[in-house]
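# Chain and residue survey
Below, each chain spelled out in residue letters.
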Amino acid sequence: MQRNLCWVVLLAENLLSLVNTLLIDFSPGEVRVAALSDQKIIEFYHHNYSNIATVGAIFCARVTHLVSRSRLIFLDIGLEYPAILSQPKKALDIGQRIFVRIVQPARLDKGAKVVIVPDQELQRHLGAAEAVKGTIGCIVKAEHPINMCIRLYEDTLENIICSPLSSQKSLESILGYEPKIPVKYTNSEIFREHGIDDVIEESLEPVVTLAGGARLILENTSAFTAVDIDSGPLSPVIANEIAVSALADEIRRRAIGGGIIVDLIPCRDRGKYVTQLRELVTKDPVPTRVSGLTPEGRLELNRRRVRRSLQEELLNEGPQYDRCPRSVGFEILRRCVRLGLVEQSLNIQVSAHPIVVNLLKNILKAAVLEAESILKVSIRLQESKNSKVDSYDILL
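Right, let's walk through the structure included here. Since the model is a prediction, treat every value here as computed from it, not as a measurement.

Let us now look at the overall build of the protein chain. Scanning the protein chain from N- to C-terminus turns up 13 helices and 20 strands. A globule of 396 residues ought to have a C-alpha radius of gyration of about 21 Å, and the protein chain, at 23 Å, matches this closely. Taking all 396 residues of the protein chain together, 48% fall into the buried category. Contacts spanning at least 24 positions in sequence make up 64% of the contacts within the protein chain whose residues lie at least 6 apart. When the accessible surface of the protein chain is totalled, it reaches about 20200 Å², and 50% of it is carbon and sulfur. In the protein chain, 48 positive and 48 negative side-chain charges are present, and the distance between their average locations comes to 5 Å.

Next up, the structure:
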């Protein structure tokens, strides 16, 4: 009975890789994209307009610091943290300006990792490079998640659902062409109606409950992601098979990158789980290398870090709060627009934590203005000193 249960689960999980639907939710200051296989969620993307330091973007940078012993070079690219260039092929001097491409996004308190843009590639962007005239900052933006999803899944993609109705011009501007797949525009809250918001919340939790009572526990650290398997009532062999299959989907759904170490339940022939995982990750568009088993019998793999993980995107880095104030600010503006359009309200007041209100008045000011432009009314912001960072009220 356990063996039959295992292969039913594995078959269901493998079907997840066939993306046939894209949900695109435009809201003030950001775009959210969900890739689905029927109603199964494969991937999420949160793209806010202020985050320009994504993988693939090209920057004009200035050398600020040389670490000769480790051959590391720190670069000013106009962002909060300096970018890191490792082992360049040619000598560089302090103050020298170069063009670099981001290959790994900034995370925690570390800057983005970059490589020097080859001269041949730079020729294609010569106009942009000359236009900045040595000004530090981004000269070529990375591929938008919408374009990337359509490119990756064009062979299986059948439906594109876009919200709100007024987002047609925004979508056409991003794509630069008319997609072959028909696009359905709606004012519905598509992330809520398709259960995406609920799955996002579940994906922020460390524990994943699996079929048959087994569990997968994922713990993110600054160095790697540790994964533990709890067999529950299942045998070690069945629990490992189900957990390894689920892991391939969870790391993709959660956008986990870097080193991952899986503590398999001790059993015979653990090498077969290496083969199983290698086959499963071939369906992942992000390069993933399954190294094999460590001497202690743990399964080790490395998934290229091409964007911030879901946890890094939505949760606070410090111990004081669970939710990232910036993500709460975007959520407030989404709710303001949805509620305001439905109620046709002439007055909108937001009461939120002081940190969130400060963000909305400053860093996210452009997003607030965009929301006010859509609603044709002003949004009044009021501090609520006793609230949690993810607690807020919207009064119409």
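Now, onward.
Time to look at the sheet that holds strand β14 (residues 224-230). With mixed pairing, the six strands of this open sheet are ordered in space as β12-β13-β14-β15-β17-β16. Each of the sheet's edge strands pairs with one partner strand only, and the pair in question is β12 (207-209) and β16 (288-293). Strand-to-strand twist of the sheet, defined as the mean angle between neighbouring strand axes without regard to direction, takes the value 20°. As judged from the five bridges shared by strand β15 (residues 258-263) and strand β17 (residues 299-303), these two strands associate in the antiparallel manner. Directly across from Val262, in β17, lies its bridge partner Leu299. Relative to the sheet, helix α8 (residues 236-253) contacts β12, β13 (215-220), β14, β15 and β17, its axis offset from that of β13 by approximately 45°. The sheet strands contacting helix α9 (residues 271-281) are β16 and β17, and the helix crosses β16 at an angle near 175°.

Here the focus is the nonpolar core. Among the nonpolar cores identified, the biggest contains 31 residues, and Leu210, Leu216, Val262, Leu277, Leu299 and Leu301 are the most heavily contacted of them. Of all elements in the fold, only β13, β14, α8, β15, α9 and β17 reach the threshold of two or more residues within this core. For this core, the leading source of residues is α8, giving nine residues. Ranked by size, the runner-up nonpolar core spans 22 residues in total, among them Val328, Ile348, Leu360 and Ile379.

Reading the values: rules and limits
Residues numbered from 1 in each chain as written. Predicted model: local features only at pLDDT ≥ 70, side-chain atom pairs only at ≥ 80, totals over all residues. Heavy atoms only, no water. Helix = DSSP H or I, 4+ residues; strand = E, 2+ residues; numbered from the N terminus. Rg over C-alpha atoms; globule rule 2.2 N^0.38 Å. Buried < 20%, exposed > 50% of the residue type's maximum accessible area, 1.4 Å probe, protein only. Contact = heavy atoms within 4.5 Å. Areas by Shrake-Rupley, 256 points an atom, 1.4 Å probe, with all protein chains shown as cover. Lys, Arg positive; Asp, Glu negative; His and termini not counted. Charge placed at Lys NZ, Arg CZ, Asp CG, Glu CD. Pairing = 2+ DSSP bridges. Axes fitted to C-alpha atoms, helices over the stretch in contact; angles between N-to-C directions. Core = buried A, V, L, I, M, F, W, Y, C linked by side-chain atoms within 4.5 Å.

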